[in-house]
Amino acid sequence: MRRRRRWVARTDAPRVIVVGAGFAGLAAVAELARAGMQVMLVDRNVYSTFQPLLYQVATAGLNPGDVVYSARAFTRRHGARFRLGELAGIDAVGRRVRLADGGEFEYDYLVLATGVSAAYYGVRGAAENSLGLYTRRDAVALRDHIMARLERLDIAGPGKDVNFTIVGGGATGVELAGALAELRETALDAAFPEVDLASVHITLVEMAPVLLTPFDPALQDYARQELVRRGVEVRLSTEIREVTPDCVLLANGEDLPSDVTIWAAGVAAPAGAGAWGLPQGRGGRILTGPDLRVHGQDRVFAAGDIALVDGLPLPQLAQPAIQSGRHAARQVERLVKGRATAPLLYHDKGIMATVGRRSAVVQLPHGVRARGTLAWLAWLGLHLVTLLGGRNRLSALINLSWRYVSWGHGGGVIVGDDPPPGPGPGRPGE
Ligand SMILES: Cc1cc2nc3c(=O)[nH]c(=O)nc-3n(C[C@H](O)[C@H](O)[C@H](O)COP(=O)(O)OP(=O)(O)OC[C@H]3O[C@@H](n4cnc5c(N)ncnc54)[C@H](O)[C@@H]3O)c2cc1C
């Protein structure tokens, strides 16, 4: 019989609990395990989610399993331990965490890397009547709602319309709007021949005067033009007052009919973060010093999207999460060796977003800019390379090739179930 690999750290090594199996949490686990600590990773899901490709799941291009990776496979590979559970409370004095299922664990150091969820900015009805896109569940629910709406359009016959509204013109909103436009162009034609393409409306609403705020103005303009060329109605400088089950009400008094409203604007700490007893800043995110130690705590760190770092306004992206997760782990190591902590120095490696097939924008340091097919190939390559797991990379490659190579010849969509009646999955971001 094959020998089973077990916990490899020394049993007197410091115990570190990492909460959250996202980019920041996994980077922290790998670094801490390498340094010989006893590491336990806690997540409310048994997998790590590759959020950058969730919109492909939501638009029926990738299978849900393509974008998640077993947290246990990761911890096993690194000689760490995994515990399924939701963080419910922290006793920083007694150095214990409490999970929602009643489990309690002691730690010497704690790294919080729980990521963020949607922020609704007090817009009436937004949480109840829109769908989010933060988790695998969100993506599956959204895909099922989108496909169900197209089926209903087919059943209703000529003269009926369906309206998809995306709120938020950041990378997620732009990518989703572009992918929906592609779905309309390829899948509708092939799978719903009786449905008139003109009866499917896609609207992207953004409060700022531009899309993709962190990008260069020329790239912002290119992304907007590409969306418009693909038949997306882009409404900039547009504020939303309320979301109802079938409508988006704008601050200027206008009503936009909306059968499926997707909320892709803003970020806030996950529900329940208020019960951790830690200092919170904008959106409930956890306040840390430059070394990522939570304000007022000497053994608790925060990394990734959940951390609001003094004097370092990091974007909510994969690279800052990876670099901060690794940095938090290195500071634990320094403290264990009796050394002083150091501030995080962020290395900007650039940003990218895609609009759709053969269309993306890339902005690298030192003024390097790219757009169009080259940028799209760079986007595609990077996303496939950074996906966790060889099997995921292969299946994502096959599914994306199917989507983009079979362009206009069927574009077979991945389908699920007809969702239960009601506007959304209930609690986006969980
Ligand atoms: C749709 C979408 C598209 C994106 N596209 C890009 C992109 O193209 N490029 C890019 O760089 N960035 C992109 N981002 C942003 C990027 O994914 C995030 O910045 C990054 O995932 C943050 O990493 P993190 O480790 O802080 O959190 P996450 O990756 O969100 O991981 C947090 C983990 O914590 C767990 N968790 C949460 N609360 C609890 C709790 N109470 N108890 C236990 N576990 C908990 C969650 O289950 C999750 O596994 C995108 C984000 C989204 C939502």
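Before reading further, recall that the structure is shown in the block above.
Residues numbered from 1 in each chain as written. Predicted model: local features only at pLDDT ≥ 70, side-chain atom pairs only at ≥ 80, totals over all residues. Heavy atoms only, no water.

Colleague: Just checking my understanding: could you explain the pairing of strand β17 (residues 260–263) for this structure?
Modeller: Along a regular strand, successive side chains alternate from one face of the sheet to the other. Residues Val-260 and Ile-262 of β17 are buried on one face, and the alternating residues Thr-261 and Trp-263, pointing to the opposite face, are buried as well. Note: strand β11 (residues 162–167) against β17, four bridges, orientation parallel. Looking at the pairing, Val-167 lines up with Trp-263 of β17. (Buried < 20%, exposed > 50% of the residue type's maximum accessible area, 1.4 Å probe, protein only. Helix = DSSP H or I, 4+ residues; strand = E, 2+ residues; numbered from the N terminus. Pairing = 2+ DSSP bridges.)

Colleague: Please clarify how unusual backbone geometry should be interpreted in this entry.
Modeller: If a residue is not glycine, its phi is most likely negative; likewise, a peptide bond is most likely trans. Positive phi values are uncommon outside glycine, yet Leu-212 reaches one of about 45°. Counting through the fold element by element, Leu-212 comes out in the loop between β12 (200–205) and α7 (217–229). In the Ramachandran plot, Arg-358 falls in the positive-phi region, its phi being about 60° despite a non-glycine side chain. Note that Arg-358 resides in the loop between β22 (351–356) and β23 (359–363).

Colleague: Could you clarify how one ought to interpret the packing of helix α5 (residues 136–156) against helix α6 (residues 171–191) in this entry?
Modeller: Angle between the axes and distance between the axes are the two parameters that describe a pair of packed helices. Packing of α5 against α6 leaves a shortest axis separation of 13 Å and a crossing angle of 40°. With respect to α6, the element α5 is oriented oblique. Taken as a pair, α5 and α6 cross one another with a handedness that is right-handed. Residues Leu-142, Ile-146, Met-147 and Leu-150 of α5 form the contact with α6, whose own contacting residues are Leu-176, Leu-180, Leu-183 and Leu-188. (Axes fitted to C-alpha atoms, helices over the stretch in contact; angles between N-to-C directions. Parallel < 35°, antiparallel > 145°, perpendicular 65-115°, else oblique. Left-handed = near helix turned anticlockwise from the far one by under 90°. Contact = heavy atoms within 4.5 Å.)

Colleague: I tried to follow the packing of aromatic side chains on my own but got confused; where do I start?
Modeller: The geometry of an aromatic ring pair comes down to the distance between the two centres and the angle between the two planes. Applying the stated criterion across every chain, the model contains four aromatic pairs. Taking the centre distance of 5.5 Å and the plane angle of 45° together, the rings of Tyr-120 and Trp-263 count as tilted. In this pair, Tyr-120 sits in the loop between β10 (117–118) and α4 (126–129) while Trp-263 sits in strand β17, placing the two residues 143 residues apart along the sequence. Each of the two residues, Tyr-120 as well as Trp-263, counts as buried. (Phe/Tyr/Trp six-rings, centres within 6.5 Å; stacked < 30°, edge-to-face > 60°.)

Colleague: What exactly am I supposed to notice about the environment of His-383 here?
Modeller: For His-383, the location among the structural elements is in helix α9 (residues 373–386). His-383 sits in the buried class, given a relative accessible area of 10%. The spacing of His-383 and Arg-393 is ten residues in sequence and 9.0 Å in space, taken between C-alpha atoms. Sequence-distant contacts of His-383, that is, excluding residues within four places in its chain, are made with Phe-50, Pro-52, Leu-53 and Met-352.

Colleague: Please explain a nonpolar patch on the surface as it appears in this structure.
Modeller: There is a patch of nonpolar side chains on the surface, built from Leu-394, Leu-397 and Ile-398 and spanning about 290 Å² of accessible area. Summarising the element assignment, Leu-394 is placed in helix α10 (residues 390–405). (Patch = residues over 30% accessible without salt bridge, like charges linked within 9 Å, V, L, I, M, F, W, Y side chains within 5 Å. Areas by Shrake-Rupley, 256 points an atom, 1.4 Å probe, with all protein chains shown as cover. Salt bridge = Lys/Arg side-chain N within 4 Å of Asp/Glu carboxyl O.)

Colleague: Quick question: what am I supposed to make of the site of the ligand here?
Modeller: Surveying the vicinity of the ligand reveals 29 residues, the closest of which are Ala-24, Asp-43, Gln-51, Leu-87 and Asp-305. Within the side chain of His-383, an N or O atom sits 3.5 Å from an oxygen atom of the ligand. Contact with the protein chains covers 92% of the free accessible surface of the ligand, which is 1,000 Å². Sorting the residues of the shell around the ligand by element identifies α1 (23–34) and α8 (318–336) as the ones contributing at least two each. The residue makeup of the shell around the ligand, split by class, is 14 nonpolar, eleven polar and four charged. (Near = heavy atom within 4 Å. Polar contact = N/O pair within 3.5 Å; in protein donor to acceptor, adjacent residues only side chain to side chain. Nonpolar A, V, L, I, M, F, W, Y, C, P; charged D, E, K, R; others polar.)

Colleague: I'm lost on the sheet that holds strand β24 (residues 369–371) in this one. Help?
Modeller: Strand pairing within a sheet occurs via backbone hydrogen bonds; the two strands may be parallel or antiparallel. Here three strands make up an open sheet; going across it, the order is β22-β23-β24 and the pairing antiparallel. One side of each edge strand has no neighbouring strand; the edge strands of this open sheet are β22 and β24. Shown here is a sheet whose adjacent strand axes are inclined to one another by a mean of 5°, direction ignored. One ladder, built from three bridges, connects β23 with β24; its direction is antiparallel. Each bridged residue has a counterpart across the sheet, and for Val-362 the counterpart in β24 is Ala-370.

Colleague: Sorry if this is basic, but what is going on with empty space enclosed by the protein here?
Modeller: It is the rolling of a water-molecule-sized probe over the atoms that shows where space remains empty. In total, this model carries two cavities of 30 Å³ or more according to the counting rule given. Roughly 50 Å³ of internal volume is contained in the largest cavity. The dominant element in the lining of the largest cavity, judged by the number of residues it contributes, is α8, at three residues. Split by residue class, the lining of the largest cavity holds six nonpolar, three polar and two charged. Taken as a whole, the second largest cavity holds about 40 Å³ of empty space. (1 Å grid on protein atoms, 1.4 Å probe; cavity = no way out; pocket = protein on both sides within 12 Å on 5 of 7 lines; lining within 4 Å. Points joined across faces, edges and corners; volume = space filled by probe spheres on them.)

Colleague: Would you mind going over the environment of Val-174 with me for this structure?
Modeller: One can find Val-174 in helix α6. On the accessibility criterion, Val-174 (1% relative accessible area) is buried. Sequence separation of Val-174 and Glu-106 is 68 residues, and the distance between their C-alpha atoms is 43 Å. Each residue touching Val-174, except ones within four places of it in the same chain, is listed here: Gly-169, Leu-204, Leu-211, Leu-212, Leu-227, Thr-354 and Val-355.

Colleague: Would you mind showing me how to read the pattern of salt bridges here?
Modeller: Enumeration according to the criterion identifies 23 salt bridges in this entry. A salt bridge links Glu-86 to Arg-44; the nearest nitrogen and oxygen atoms lie 3.8 Å apart. Taken together, the residues Glu-86 in the loop between β5 (81–84) and β6 (87–91) and Arg-44 in the loop between β2 (38–43) and β3 (47–49) connect sequence positions 42 residues apart. The partly exposed category is assigned to Arg-44, whose relative accessible area is 30%. Across the pair Glu-226 and Arg-230 runs a salt bridge, and its minimum N-O distance is 3.2 Å. Arg-230 shares its class with Glu-226; the two are buried. Through salt bridges with shared partners, a single network forms among Arg-15, Arg-95, Arg-96, Glu-104, Glu-106 and Asp-108.

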